[in-house]
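Given next are the chains, with one letter for each unit.
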2 protein chains.
Amino acid sequence: MSSRAKVEIINFGDELLVGIRANAHLEYLGAELARYGLPVRRARVICDAPEEISGAVEAALAQSDLIITTGGLGPTSDDLTRETIAESLGAALVYDTAVEAAIRDYFRVINRPMADHHRKQCYVFKGGEVLPNRKGTAPGLYYRTQGKTVVLLPGPTQELRPMFEGEVIPRLRRDGYLSETAAYIQLRTCGCGESSIEARIQPIVEAEPDLQVAYCAHYGIVDVRLSSGAGYLQPADLERIAQAVATECGEDFFCYGAGSLAEVVHRKLRETNGTLAVAESCTGGMLSDAFTNISGASKTFIGGIVCYSNEVKVSQVNVPESILLQHGAVSPECAIAMAAGVAESLSAHHGLSVTGFAGPEGGNKKNPVGTIHLGYHSPAGVWSKTVRYTGGRLDVKARAVHAALDWMRRELYK
Amino acid sequence: MSSRAKVEIINFGDELLVGIRANAHLEYLGAELARYGLPVRRARVICDAPEEISGAVEAALAQSDLIITTGGLGPTSDDLTRETIAESLGAALVYDTAVEAAIRDYFRVINRPMADHHRKQCYVFKGGEVLPNRKGTAPGLYYRTQGKTVVLLPGPTQELRPMFEGEVIPRLRRDGYLSETAAYIQLRTCGCGESSIEARIQPIVEAEPDLQVAYCAHYGIVDVRLSSGAGYLQPADLERIAQAVATECGEDFFCYGAGSLAEVVHRKLRETNGTLAVAESCTGGMLSDAFTNISGASKTFIGGIVCYSNEVKVSQVNVPESILLQHGAVSPECAIAMAAGVAESLSAHHGLSVTGFAGPEGGNKKNPVGTIHLGYHSPAGVWSKTVRYTGGRLDVKARAVHAALDWMRRELYK
């Protein structure tokens, strides 16, 4: 089996189609498989109707080599995936008493009886492998037929991820699906539009006939993904090209891979034993959250104050009332006072602040909705910066967080 | 065109397949279309290769009535959607000088010249309609052929959403796709597992032969979606059934639709002119963020303190050092001190706090990774509650935020 196996993901669940839930499984599985040189080629999201399930699985069997499904293995009556796929594969379902024992054990630990409807989760494909579920009830299933592999994973994230890492990856390696080199190199940039980045790196791209370049812009970040079109470029070639692209992007380039701006700031602070505190108004905790998503963040991140009301800006961050009266809470002056004040209050070397109107309410003539003032205090001084965005409340918040992080990153690298 | 038109979404973009980005477009479009009685039946995610694009569009044309695509309309060379779909549809591409004028206007406003590579965005389908883009350069395209409708939307969120609301929805209404009643009713519950909810409402479900029920669990929330299988149940029937389900779920039921726990808490606080402040350790801003995602949150939400270090717990939230020394920062005693302290520091009626080990580092024998202590202070008193979760750092954070919000909701409704 070559590393060019065609991989398809099928996510089952009405909730993914009617806007109840984002499809985090595709994001996770896509990233994991790409790490092993096995990029996902196509994906489908399918509602829980049996004819849709079988239609999707049969189309996937005709087009793809490795098919991974998520969801539909639960104990409730709308969970029909196991039965329907068994029929599409022509595989018999057999009752597995070892699975029943594992489910009984699971319930014993959480001190509840095993309800009867969990018995349907004990049926497995005859001739297939059972993937134990250490975090829930439904086991996964791994089935090979006519040179194709079909993997069924449970829907809950906390069950799916350990099963994929612990049970699926070793089997994919055994069956020859995995190479150990990533199929692409990604560079992350911030501060320059998608088409401007393309124009800047055009001379590099034109010199490499087999180079494929893809761009993706999200909330001010532009990712540049480099891969080999026909497979002529070796990993060393891609690395050389990626270095040239990084050099060309200059300080707009901030990392390889899928790291976050907060991680880059955190790492740079660690080098100097620097610490950071943040004060946020309109971003309401999202900036703090970006840091605390990093395991080990406490080595640099002291804490944050969400000073949503003016009273909290005064009492917790020491913004002088005169600034609020003269310039208002949405002003460069207030942003500076917040950054310096939070660094002092929380005894941090660096202070970063955001104040603005995220919308849809608020805003005035001088500072319309979407106007964001950033403040940055460091041992070397204190500065403000003003940015303006269109879009809904959540978009403006996300862009403001990126703008603040990117600004601080650049200052740290100066 | 009946409201049973088959709807398919195709999202283009390598970044959605290799884990760089979650597919927020499907979530948004699915929710919007469901609101108008037009649930999405299937969705595909396709990489930017021309043969994959044409394969997906041709399969969709054979199976579905309304096809909405996102992405691939940008100015860079990997944006091939427009050209490839034109070929699949047999539609000619013609240069539209009105689109060029609109792009020039767009760049005039942001004070930059229009680069040559934007000329490719001026090509439109002959015989189709052009959907103006007020937030970016690429117009959308709306094309009808042989009783099918194909809509091409640009990838950036801030361009896609206003275009969908302002340009696509009116045309779908004109062309008879929309009904004005939602196709399902959703109830949100918290505090009870998926299979237990099913067991509780089973008598109601069994009495309705045409009722379809779907369940979706996410971070402690279980959604129950009720719809009519064969279309016999009228909106009034679904409402009656939904009320019976809500009554059966009791205080585990918290809202209809897709509202958040934070919104329910915010609304209840507004009724009594109550205000809230939060203190977070391991959730790091996520609890504050849940409130500040609500437009108008400032009417009840005063602010929050992310007290990641012990020093900040003492200096900003007035946690007595003796509590930290005797019980540690991850303890019910500290959670109570944080809740009472933040309410006092920020002059709020209510204080809500979270402290725990989100992992993967930290934890001890008494409080292993995943242990979360919540604190709640109200005018009536102060309480703590301890919960424990498995899963990764981000999972534990998300579940802890839901647990805190759900607990406060129940206390407010007592």
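Here, residues in each chain are numbered from 1, in the same order as that chain's written sequence. Written order determines the labels here, with chains lettered from A and ligands numbered from 1. Owing to the predicted nature of the model, reporting of local features is limited to residues with pLDDT of at least 70; listing and counting of side-chain atom pairs is limited to 80 or more, with chain, interface and lining totals taken over all residues. Note that water and hydrogens are dropped before the side-chain values are worked out from all heavy atoms of the structure.

1. Considerations on the relation of the copies chain A and chain B
- When chain A is brought onto chain B, the operation consists of a screw motion whose angular component is 180 degrees and whose axial shift is 0.0 Å, with 0.0 Å RMSD remaining. Classification of the inter-copy transformation places it as that of a two-fold axis.
- Throughout, a residue-residue contact means that at least one pair of heavy atoms, one from each residue, lies within 4.5 Å. A high fraction, 100%, of the interface residues of chain A reappear at the interface in chain B, so the copies pair face to face through one surface. Copies overlap after least-squares fitting; the atoms used are the C-alpha atoms of residues with pLDDT of at least 70 in both.

2. What to know about the sheet that holds strand 12 (residues 253-256) of chain B
Residue and element names in this part refer to chain B.
- At least two DSSP bridges between two strands are needed for those strands to be called paired. Elements are defined by DSSP. Helices are runs of H or I of four residues or more, strands are runs of E of two residues or more, and each kind is numbered from the N terminus. Strands sit in the order 10-11-9-12 across an open sheet of 4 strands; the sheet is antiparallel. Only two strands of the sheet have a single partner each, and these edge strands are strand 10 (211-218) and strand 12. Taking each pair of neighbouring strands and ignoring which way they run, the sheet shows an average axis angle of 20 degrees.
- Relative to strand 11 (residues 221-228), strand 10 runs antiparallel, the two sharing 8 bridges. Counterpart to cysteine 216 in the pairing with strand 11 is aspartate 223.
- The convention used is that axes are lines fitted to C-alpha atoms, helices contributing only their stretch in contact, and that angles between N-to-C directions extend from 0 to 180 degrees. Most of the contacts of helix 14 (residues 393-413) go to strand 9 (residues 184-190), to which it runs at about 90 degrees, and overall it touches strand 9, strand 10, strand 11 and strand 12.

3. Comments concerning the pattern of salt bridges
All names here are of chain A.
- Salt bridges, as used here, are contacts in which a Lys or Arg side-chain nitrogen is within 4 Å of a carboxyl oxygen on Asp or Glu. Taken as a whole and judged by the stated rule, the model has 52 salt bridges over all chains.
- A salt bridge links lysine 414 to glutamate 411, with the nearest nitrogen and oxygen atoms 3.1 Å apart.
- Connected via shared salt-bridge partners are Glu129, Arg134, Arg144, Glu167, Arg171, Arg174 and Asp175.

4. As for the sheet that holds strand 2 (residues 40-46) of chain A
- On the basis of which strands lie adjacent, the open sheet formed by 12 strands has the order 6(A)-7(A)-8(A)-3(A)-1(A)-2(A)-2(B)-1(B)-3(B)-8(B)-7(B)-6(B) and mixed pairing. Each of the sheet's edge strands pairs with one partner strand only, and the pair in question is strand 6 (129-131) of chain A together with strand 6 (129-131) of chain B. Here the average twist between neighbouring strands, direction ignored, is 15 degrees.
- In this sheet, strand 2 of chain A lies alongside strand 1 (residues 7-12) of chain A in parallel orientation, the contact comprising 6 bridges. From the neighbouring strand, valine 7 of chain A faces strand 2 of chain A, where its bridge partner is valine 40 of chain A.

5. Remarks on the interface of chain A and chain B
- Taken together, the contacts link 88 residues of chain A with 88 residues of chain B.
- Summed over both sides, the interface of chain A with chain B buries roughly 7,100 Å², with 50% coming from carbon and sulfur.
- The tally of links between chain A and chain B comes to 10 salt bridges.
- Counting of polar contacts relies on pairs of N or O atoms within 3.5 Å, with two restrictions inside protein: one atom must be capable of donating a hydrogen and the other of accepting it, and residues adjacent in sequence are counted only when both atoms are side-chain atoms. Run the count over chain A and chain B and you get 30 residue pairs in polar contact (both at pLDDT 80 or more).
- Each residue is assigned to one of three groups, with Ala, Val, Leu, Ile, Met, Phe, Trp, Tyr, Cys and Pro labelled nonpolar, Asp, Glu, Lys and Arg labelled charged, and all others, Gly among them, labelled polar. Class assignment for the residues of the side of chain A that touches chain B results in 34 nonpolar, 29 polar and 25 charged.
- Alignment of strand 14 (residues 301-307) of chain A against strand 14 (residues 301-307) of chain B, held across 5 bridges, turns out to be antiparallel. Two parts placed together each lose some accessible area; with a 1.4 Å probe, that loss summed over both constitutes the buried area.

6. Focus on the environment of threonine 247 of chain A
- Mapped onto the fold, threonine 247 of chain A is located in helix 8 (residues 235-249).
- Threonine 247 of chain A sits 46 residues away from isoleucine 201 of chain A along the chain, and the two C-alpha atoms are 9.7 Å apart.

7. Notes on the packing of helix 2 (residues 24-35) of chain A against helix 6 (residues 157-174) of chain A
Residues and elements named next belong to chain A.
- Axis separation between helix 2 and helix 6 bottoms out at 12 Å; the angle between their running directions is 25 degrees. Taken as axis vectors, helix 2 and helix 6 run roughly parallel relative to one another. Crossing hand, helix 2 versus helix 6: right-handed. Each of Ala24, His25, Tyr28, Leu29, Glu32 and Leu33 in helix 2 lies in contact with helix 6, whose residues at this interface are Thr157, Leu160, Arg161, Phe164, Glu165 and Leu172.
- Among the residues making up the contact of helix 2 with helix 6, the classes are represented as 7 nonpolar, 2 polar and 3 charged. Convention used here: angles under 35 degrees read as roughly parallel, angles over 145 as roughly antiparallel, angles from 65 to 115 as roughly perpendicular, and any remaining angle as oblique. When the near helix sits turned anticlockwise from the far one by under a right angle, the crossing is termed left-handed; a clockwise turn instead gives a right-handed crossing.

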